[in-house]
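# Understanding the architecture of this molecule
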Amino acid sequence: MTAPDFEDLLRALTPQVLGALVRRHGQFEGCEDAVQEAVLAATVQWPAEGVPDNPRGWLMTVASRRLIDQMRSDHARRERESAAASEVVPEEVPDTDDTLVLLFLCCHPTLTAASQTALTLRAVGGLTTAEIARAFLVPEATMAARISRAKQRIKAAGSSFGLPAGVEREERLRVVLHVLYLIFNEGYTASSGSTLHRADLAREAIRLVRAVHAQLPEDGEVTGLLALMLLTHARREARTTAAGDLVPLDEQDRTRWDRELIGEGLDLVKASLAGPALGPYQLQAAIAATHADAATAEETNWPQVHALYLILERIAPNPMVTLNRAIALAETEGPAAGLALLSTLDGDARMAVHHRLLSVRAHLLERSGDTAGAYEHYRRAAKATASLAERRYLESRAGRVRTQPAGVCTQALSPAGTSPQAAASAARTDRR
């Protein structure tokens with residue numbers, strides 16, 4: 001078995017073993033630490049000794065022993081815990097999948113979004129603290145402290161291991177989907193660093209959404225989010241050159257798009273739209289499907305894209321949705337119309353210096369023939385982004401428009417940082 005196969009197996013087993021251990025002992029923090037130690041032991045022993053016949057049972061046994069050792073080390077409970085521990089015989093991991101329960105626990109409302117994301121990747125995704133720290137470009141000690149605080153807050157809140165009911169369950173599910181959406185977005189377009197994307201994070205988000213979809217196949221928003229991720233991830237290979245430079249959507253070689261993922265995504269879009277309700281992820285998936293349906297950039301059904309953004313803007317208003325609608329509006333009615341819509345965002349403090357607004361305005365100014373204005377905004381956008389790949393792209397655009405004579409309109413060219421995915425937050429919308 002190769003190293004990636006080991007990693008895939010361990011990531012799939014981690015929530016199963018953790019769920020079984022938490023159900024039995026009821027202490028998330030101690031159980032999560034014990035499972036992580038068991039996973040670490042497996043990464044050391046299995047490559048040398050081979051994968052055991054029952055890998056879930058092996059992990060459960062090792063994790064149980066680690067937890068017992070932790071319990072014994074607590075002097076205040078030594079006698080009671082030791083008596084119980086001496087009788088412990090590790091049980092077979094049940095067939096029930098507790099992934100969704102764990103996701104609800106990791107996305108507890110007392111936690112910040114950053115803590116929810118980190119804890120989800122650690123407890124459910126099976127990533128180590130070091131891997132999560134590298135993904136978000138923070139020191140490992142910082143990430144370890146964040147995860148530790150998150151577990152302590154859950155413990156202090158007295159959370160039970162189980163799915164909430166009624167309205168609370170629906171509200172918590174939306175938080176879960178939002179966290180998974182953020183993980184995917186960070187993987188698809190890294191917020192900083194030298195590379196445009198982190199494929200491992202994107203794949204992990206897809207895996208976790210698949211797990212949620214397996215348990216809630218009738219939920220339109222869950223289905224829509226999975227479709228959105230698949231249709232977006234299908235473009236990954238075409239998004240950069242061999243040197244790692246960004247390639248905008250209209251210049252991508254669409255033969256490099258993953259047609260298998262697109263086919264699955266399109267089927268899921270149809271299924272998600274068949275239900276009685278319509279949510280933001282379903283609409284974003286429908287926009288992504290419209291792009292996927294076009295054999296060439298010129299064949300894109302921009303009126304349909306704009307209509308979908310208009311609906312999305314009404315049910316989930318967000319400045320990034322408006323920004324993306326401006327792109328679609330410019331494609332159907334010209335750059336002046338797009339610029340007029342962008343001007344409605346100027347009073348939003350979150351957007352005033354955001355590199356996405358700056359880059360879209362530069363793009364539309366370029367199309368309208370205002371090369372001086374386009375140059376200035378491309379330069380400002382390049383300085384505002386922490387992504388080196390995006391910065392290189394925006395600087396190259398600035399250099400190109402600087403050589404163009406003023407008043408010459410250019411062909412439609414998609415700017416970096418505009419896309420179908422924009423509703424849930426203003427943090428990440430580039431799906432190019």
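An account of the accompanying structure is given in this report. Since the model is a prediction, treat every value here as computed from it, not as a measurement.

Calculation notes
Residues numbered from 1 in each chain as written. Predicted model: local features only at pLDDT ≥ 70, side-chain atom pairs only at ≥ 80, totals over all residues. Heavy atoms only, no water. Helix = DSSP H or I, 4+ residues; strand = E, 2+ residues; numbered from the N terminus. Buried < 20%, exposed > 50% of the residue type's maximum accessible area, 1.4 Å probe, protein only. Contact = heavy atoms within 4.5 Å. Patch = residues over 30% accessible without salt bridge, like charges linked within 9 Å, V, L, I, M, F, W, Y side chains within 5 Å. Areas by Shrake-Rupley, 256 points an atom, 1.4 Å probe, with all protein chains shown as cover. Salt bridge = Lys/Arg side-chain N within 4 Å of Asp/Glu carboxyl O. Axes fitted to C-alpha atoms, helices over the stretch in contact; angles between N-to-C directions. Parallel < 35°, antiparallel > 145°, perpendicular 65-115°, else oblique. Left-handed = near helix turned anticlockwise from the far one by under 90°. Nonpolar A, V, L, I, M, F, W, Y, C, P; charged D, E, K, R; others polar.

### Observations regarding the overall build of the chain
- Of the regular secondary structure elements, the chain holds 19 helices and two strands.
- For the chain, the proportion of its 432 residues judged to be buried stands at 55%.
- Restricting the contact set of the chain to residue pairs at least 6 apart, pairs at least 24 apart contribute 67%.

### Quick notes on the environment of Gly-30
- Within the secondary structure, Gly-30 sits in helix α2 (residues 28-49).
- It is 9.2 Å that separates the C-alpha atoms of Gly-30 and Lys-151, two residues lying 121 residues apart in sequence.
- Other than its neighbours up to four places away in sequence, Gly-30 contacts Leu-67 and Gln-70.

### Describing a nonpolar patch on the surface
- There is a patch of nonpolar side chains on the surface, built from Leu-273, Leu-278, Ile-311 and Ile-315 and spanning about 310 Å² of accessible area.
- Note that Leu-278 resides in the loop between α12 (259-273) and α13 (280-293).
- Given the relative accessible area of 43%, Leu-278 is considered partly exposed.

### Concerning the packing of helix α9 (residues 166-188) against helix α10 (residues 199-215)
- Where α9 contacts α10, the two axes come as close as 6 Å, and the packing angle between them is 155°. With respect to each other, α9 and α10 are oriented roughly antiparallel. The chirality of how α9 crosses α10 is left-handed. Contacts between α9 and α10 involve Leu-173, Leu-180, Ile-183, Phe-184, Glu-186, Gly-187 and Tyr-188 from the first element and Ala-199, Leu-201, Ala-202, Ala-205, Ile-206, Leu-208, Val-209 and Val-212 from the second.
- In the contact of α9 with α10, the residues fall into 13 nonpolar, one polar and one charged.

### Description of the environment of Gly-263
- Positionally, Gly-263 belongs in helix α12.
- We classify Gly-263 as partly exposed; its relative accessible area is 27%.
- In this structure, the C-alpha to C-alpha distance between Gly-263 and Ala-292, residues 29 residues apart in sequence, is 9.4 Å.

### Here's the deal with the packing of helix α5 (residues 99-106) against helix α6 (residues 113-124)
- Where α5 meets α6, the axes come as close as 9 Å, and the angle between the chain directions of the two elements is 150°. Taken together, α5 and α6 sit at an angle that is classed as roughly antiparallel. Seen along the crossing, α5 lies across α6 with a hand that is right-handed. Facing Thr-99, Leu-102, Leu-103 and Cys-106 of α5, the residues of α6 in contact are Gln-116, Leu-119, Thr-120, Ala-123 and Val-124.
- Class assignment for the residues of the contact of α5 with α6 results in six nonpolar, three polar and no charged.

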